[in-house]
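Below, each chain spelled out in residue letters.
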Amino acid sequence: MPNYSNKESNSISSQSPPKKKYGIIKIGIGLFLMIIVLLIYLIHNEKQQNLLKEKALTIAFLQLDSISNELDERILTISKLGGEIDTLIGIKQKLEEEKTYFLNKDRRQKITLSTLRDKVEGYRELLLIKDEEINQLTHINEQLTTENIELKNETKALNKSINNIKFEKNNLNQKVKLLSRLKIENFQINAIDAKGKKRSGSFRKRHINQLQITFVLSENEVAPIEGKKLWIRVVAPDNNVYYDVNTGSGSFIHLGRELFYTAKKEILYDRSQQRIVVYYEKSKPYLIGPHNVEVYTDDYFVGSGSFIVKS
């Protein structure tokens, strides 16, 4: 009787090794595939991390660039307010150097994100400190502006007061000057003939050997005690002034104009009433008609009298 069990047993044992070998291959392939997937994952993850880092670095750089612009604004504002900006300018230069360093790709790879973020945070704190400084400077400048306005107003008021005082003083000086002017009383003109006889008011020209011009200067307690020059003008009917250099005639300036005078009298005025007598002897005959006699001193008209010459 054939032994079938032994044959089957031999057959099974001869088939086992190929199956075991096949299983090991499958496991090896599986492990290889897992390693490939793991490598792909790690490479992808590294790329993602690098992209994230690059993006974060770019954002941080843009923040640095924005801070640089804000620093420019703070420097300009503080400068206008009169603050100290030298230190801030130095910080701005350092920031620009860091931006230039960052733009180099090889150098940028060495920068850690935390370091860059710390720099950004530090600069932002600096901006906050400078904002507080700007607020303080603004407050100080507002106080100074207010004080300057008040000072200008006080100065303006003081100048106005000074101008008012000057104006009042000028008015007072003008009033004193007007009050100090000499005035004439009792103006009288006589004609003295060759025999010494006097005639007043109206007389014939043949009776005039000399003119005696008499007037009284009024008392004036305001007028200064000083020497005075009196210019006497004898004005003929044709409005010409009798003028003869040989008898002491000349000219003087009155209100910017040159006027001729017939005779001159110098006196010392002592504020008291003074009687003045002036004699004038004309070498040629007088014109027929009314004559005026005008008296001037300094830069003003003192007074006048008149007489008539008949044929």
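A.B. asks: Is there a simple way to explain the pattern of salt bridges in this structure?
C.D. replies: Close approach of charged atoms lets side chains of opposite charge pair. Under the criterion given, the structure shown has 12 salt bridges. Of the charged contacts in the structure, one is a salt bridge between Lys92 and Asp72, with a shortest N-O distance of 3.5 Å. Highlighted residues: Lys92 in helix α2 (residues 86–103) and Asp72 in helix α1 (residues 4–80), separated in sequence by 20 residues. For Lys92, a relative accessible area of 14% corresponds to the buried category. Looking at Asp72, the relative accessible area reads 37%, which means it is partly exposed. Arg199 serves as the salt-bridge partner of Asp193, at 3.0 Å between the closest nitrogen and oxygen. Asp193 gets classed as buried once you look at its relative accessible area, which sits at 10%. The network of salt bridges with common partners includes Glu70, Glu73, Arg74 and Asp131.

A.B. asks: How should I be thinking about the side chain of Asn220 in this particular structure?
C.D. replies: Mapped onto the elements, Asn220 comes out in the loop between β4 (210–217) and β5 (226–235). Relative accessible area serves as the criterion here: at 9%, Asn220 is assigned to the buried category. There is a polar contact of 2.6 Å between the side chain of Asn220 and the backbone oxygen of Leu179. Those residues in contact with Asn220 that sit more than four places away from it in its chain are Leu179, Ser180, Arg181, Tyr269 and Arg271.

A.B. asks: How do you make sense of the side chain of Lys228 when you look at a structure like this?
C.D. replies: As for its placement among the helices and strands, Lys228 is situated in strand β5. Polar contacts involving the side chain of Lys228 include one to the side chain of Glu226, which spans 3.0 Å. For Lys228, the residues in contact, after removing those within four places along its chain, are Leu182, Lys265, Glu266, Ile267, Tyr269, Thr297, Asp298 and Tyr300.

A.B. asks: Looking at this structure, how should I read the sheet that holds β4?
C.D. replies: Strands belonging to one sheet form pairs held by backbone hydrogen bonds; the direction of such a pair is parallel or antiparallel. Taken in spatial order, the 4 strands make up an open sheet running β2-β1-β4-β9, and their pairing is antiparallel. Whereas interior strands pair on both sides, the edge strands pair on one side only; in this sheet they are β2 (198–200) and β9 (274–280). Taken over all neighbouring pairs, the strand axes of this sheet differ in orientation by 25 degrees on average, direction set aside. As paired strands, strand β1 (residues 184–192) and β2 are joined by 3 bridges and run antiparallel to one another. Within the sheet, the bridge partner assigned to Ile192 lies in β2 and is Lys198.

Reading the values: rules and limits
Residue indices begin from 1 for each chain and proceed along its sequence in written order. Whole-chain, interface and lining totals are the exception, using all residues; otherwise, since this is a predicted model, local features are given only for residues with pLDDT of at least 70 and side-chain atom pairs are given and counted only at 80 or more. Excluded from the side-chain calculation are hydrogens and water; included are all heavy atoms of the structure. A pair is scored as a salt bridge if a Lys or Arg side-chain nitrogen falls within 4 Å of a carboxyl oxygen belonging to Asp or Glu. Secondary structure elements follow DSSP: runs of H or I no shorter than four residues count as helices, runs of E no shorter than two count as strands, and numbering proceeds from the N terminus. Burial classes follow relative accessibility: with a 1.4 Å probe on protein chains only, a residue under 20% of its type's maximum area counts as buried, one over 50% as exposed, and anything between as partly exposed. Here a polar contact is recorded for every N or O atom pair within 3.5 Å, except that within protein the pair must consist of a potential hydrogen donor and a potential acceptor, and residues adjacent in sequence are included only if both atoms are side-chain atoms. Note on contacts: a residue pair qualifies if any of its non-hydrogen atoms lie within 4.5 Å across the two residues. A pair of strands counts as paired when DSSP detects no fewer than two bridges linking them. Angles shown run from 0 to 180 degrees and are taken between the N-to-C directions of axes, each axis being a line fitted to C-alpha atoms and, for helices, limited to the stretch in contact.

Function cannot be read off these values alone, since they describe shape.
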